[in-house]
Amino acid sequence: MFMMKRNISFLFALIMILASVSFAFAQQTDKDSRPSETEAPVSMEQATTQVPQAVAEKDKEADLTLTLEDCVNLGIRQNPTMVSARKELLASESRVKSQRGAFGAPVTTTYGYTHSGDQPMSSGAKSDYQDKWAFTLNISQPVFKGFELLSKYQKTKLQRESTEASLYNVELSLISKIQTSFLTLLQGRMEVKSKQDSVARLKSQLQVIQAFYQVGLRPRVDVLQAEVELANAEQDLLIAQNTVDSRAARLNTLLNLPIDKTVNYSGELTYLPFSMTLDQCIAKADKDRPDLRIARKSVEIAEKDVTISESSFYPDITADFNYKSSGGDPSVSKNKYNNNNRPDSWNVGANVNWELFSWGTTYYDAKRAEDNVKKIKADYENTKLEASYEIKDQLLSLKAAADRIGVGRKSVEAGREGYRMAMARYQAQVSTNNEVLNAQSRLSDSEAQLIQALSDYQVSLAKLYVAMGYKNPSLKTN
C-alpha cells in the first residue's frame with residue numbers, strides 16, 4: 001500500500017513536470033512562430049531582417065537617423081576624398097585658363113640704374129651721364145608656333161574633362177564603399193538578431209533538460225552538453241555585437257562623422273528586382289562609366305601630344321614692339337645728349353625662327369608620341385573588356401544571390417518546423433538531446449544563410465550599378 005502511494009506521488013510529480021515543461025515550450029514556440037496581438041503579421045523575409053531589440057534601444061538614443069540614401073548624400077558632401085577631388089578639378093580649370101593666356105602677348109619691362117666711375121667721354125668731350133637711368137618695354141605677340149599653342153590649350157581642356165570624369169569615378173567608388181558598409185552593417189544586425197534567437201532557444205532547451213534531470217529522466221551529460229552549446233552561442237553573440245560596432249564605426253568614418261557618434265542607420269535587407277539585360281548594362285557603361293571616359297580622353301590627349309611634337313617641324317613667327325628710354329634722372333624724361341632732347345626710342349618688327357635640322361630629335365620625338373597613341377588605344381580596348389567582364393560577373397553574382405534567397409527562405413521555414421518537431425519528440429521521450437541541438441544548429445545555419453544571401457544580393461546590386469557608372473544612392477529601381 002505504501003509502495004503504491006509512493007508510485008502514485010512520483011507519477012503525479014512527473015505529470016506536473018511534463019505539463020510545466022510543455023507549457024513553457026508552447027509559450028516559447030508560440031513566441032517564435034507568431035507575432036503579438038499588437039504586431040502586424042510579417043513575411044518570412046521581414047521576420048529574418050528585423051532590427052535586434054538591443055540595437056533598436058540603442059538607436060532610440062541616437063541624435064541622428066540616416067537611411068542608405070542619406071548616407072550616400074552625406075558622404076558625397078563631406079568625405080575628405082571628395083573634397084580633395086573637387087580641389088583637383090578647380091586646379092585643372094586654372095590650368096586651362098593659364099594655357100589660354102599663352103595666346104596673348106607677354107609684356108616685359110626693365111628699369112635700372114648705372115653709375116660709372118668716370119664721366120663717359122667721347123673725343124675729349126662729355127657724351128653721356130655718369131649716373132644713368134634706363135627703362136625698356138618689350139611686347140612679343142606669338143603669330144605662329146606650328147600649332148603648339150592651340151594643341152596645348154586643347155590638351156588642357158581634355159585634361160580638365162578627364163579630371164571631371166576622375167571626380168565622378170571617385171564619387172562612384174565612395175558610393176560603393178558607403179553602400180557596402182551600410183549593407184554589411186544591416187547584415188551584422190540581422191546576425192545579432194538570429195544569434196539572440198539561438199541563445200533564447202538554447203536557454204529554453206537547457207531549462208527543459210534540467211527539469212528532466214532533476215526527476216532522473218535524463219543524464220547529467222545532457223545538461224552539460226546543453227550548457228556548453230549555450231556558452232558557445234553566447235560567445236558567438238558577443239562576437240556578432242562587436243562586429244556591428246566595428247562596422248558602424250567604419251561607416252561613421254566614411255561619412256566624416258565622429259567615430260564614436262551614435263547614429264541610427266535605418267534600413268533593412270530586402271529583395272530589389274533588377275530587370276536590365278547584359279547588353280543594356282554594357283551599353284550604359286560605355287556611355288556613363290568614368291574610367292572609359294577617362295580612357296577616351298587619354299587617347300585624345302595623346303593625339304594632341306603628337307601635334308605638339310610635330311610643331312617643331314614648323315617655323316616660329318613672332319611680332320615684337322620695343323620701347324627704350326634713358327636719361328640722367330630717375331624719371332628718364334629727358335636726355336640732353338639726344339637730338340631734340342628726346343630720351344625715348346621705339347621699333348616694331350617680326351621675327352622668324354626655324355630649326356632646319358636637329359639630328360632626328362624632332363622626328364623621333366614625334367614617332368614616340370605616335371606609338372604612345374597606339375599604346376593608349378590598346379589600353380582603352382582592354383579597359384572596355386574588363387568593364388564588360390565586371391558587369392557580367394556582377395550579374396551572375398546577383399542572379400546566384402537571388403536564387404539563394406529563395407532557397408534560404410524555404411530552408412528557414414523547414415528549420416523552424418524541424419526544431420519544433422525535435423522539441424516535441426524530446427518532450428515525449430522519443431528522441432535525444434543531440435537531435436534537438438542538431439535541429440537548433442540547422443535552424444541557426446539556415447537563418448545565417450538567408451541573411452548572407454540577402455546581403456550578397458544587395459551588395460552585388462550596388463556593385464553592378466557602380467560597374468555601369470550609374471549613381472543609385474537608394475538602390476531602388478524605377
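As the structure is a prediction and not an experimental result, all values here were calculated from the model. (Residues numbered from 1 in each chain as written. Predicted model: local features only at pLDDT ≥ 70, side-chain atom pairs only at ≥ 80, totals over all residues. Heavy atoms only, no water.)

Novice: Outline the overall build of the protein, supporting the account with residue identities and numerical values.
Specialist: Secondary structure assignment for the protein yields 11 helices and 8 strands. Out of the 478 residues in the protein, the part that is buried amounts to 36%. Expressed as a percentage of contacts within the protein between residues at least 6 apart in sequence, the contacts between residues at least 24 apart total 82%. (Helix = DSSP H or I, 4+ residues; strand = E, 2+ residues; numbered from the N terminus. Buried < 20%, exposed > 50% of the residue type's maximum accessible area, 1.4 Å probe, protein only. Contact = heavy atoms within 4.5 Å.)

Novice: Which residues make up the packing of helix 4 (residues 68–78) against helix 6 (residues 148–214), and what are the values?
Specialist: Axis separation between helix 4 and helix 6 bottoms out at 10 Å; the angle between their running directions is 140°. As summarised for this structure, helix 4 and helix 6 are arranged oblique, according to the angle between their axes. Seen from above, helix 4 lies across helix 6 with right-handed handedness. For the pair helix 4 and helix 6, contact is made by Leu68, Cys71, Val72, Gly75 and Ile76 and by Glu171, Leu174, Ile175, Ile178, Gln179 and Phe182, respectively. Class assignment of the residues belonging to the contact of helix 4 with helix 6 gives a composition of 8 nonpolar, 2 polar and 1 charged. (Axes fitted to C-alpha atoms, helices over the stretch in contact; angles between N-to-C directions. Parallel < 35°, antiparallel > 145°, perpendicular 65-115°, else oblique. Left-handed = near helix turned anticlockwise from the far one by under 90°. Nonpolar A, V, L, I, M, F, W, Y, C, P; charged D, E, K, R; others polar.)

Novice: Before we move on, can you summarise the pairing of strand 7 (residues 316–327) with the specific residues and values?
Specialist: Pairing between strand 5 (residues 131–144) and strand 7: 11 bridges, direction antiparallel. Across the sheet, residue Pro142 finds its bridge partner in strand 7, namely Thr318. Sheet analysis places strand 7 next to strand 8 (residues 344–353), joined by 10 bridges and oriented antiparallel. Along strand 8, the bridge assignment pairs Lys324 with Ser345. (Pairing = 2+ DSSP bridges.)

Novice: Just give me the short version of the sheet that holds strand 2 (residues 107–115), but keep the residues and values in it.
Specialist: The strand order across the open sheet built from 4 strands is 2-5-7-8, with neighbouring strands paired in antiparallel fashion. Each edge of the sheet is formed by a strand with only one pairing partner; in this case those strands are strand 2 and strand 8. The sheet shows a mean angle of 20° between the axes of neighbouring strands, taken without regard to direction.

Novice: Help me get a handle on the nonpolar core, residues and values and all.
Specialist: With 69 residues, the main nonpolar core has Leu66, Ile178, Leu255, Tyr265, Phe274, Ile391 and Leu475 as its most contacted residues. When contributions to this core are tallied by element, the ones reaching two or more residues are helix 4, helix 5 (80–100), helix 6, helix 7 (220–254), helix 8 (278–288), helix 10 (361–427) and helix 11 (433–467). Broken down by element, this core gets its largest block of residues, 16 residues, from helix 6. (Core = buried A, V, L, I, M, F, W, Y, C linked by side-chain atoms within 4.5 Å.)

Don't take any of this as a statement about function, it's just geometry.
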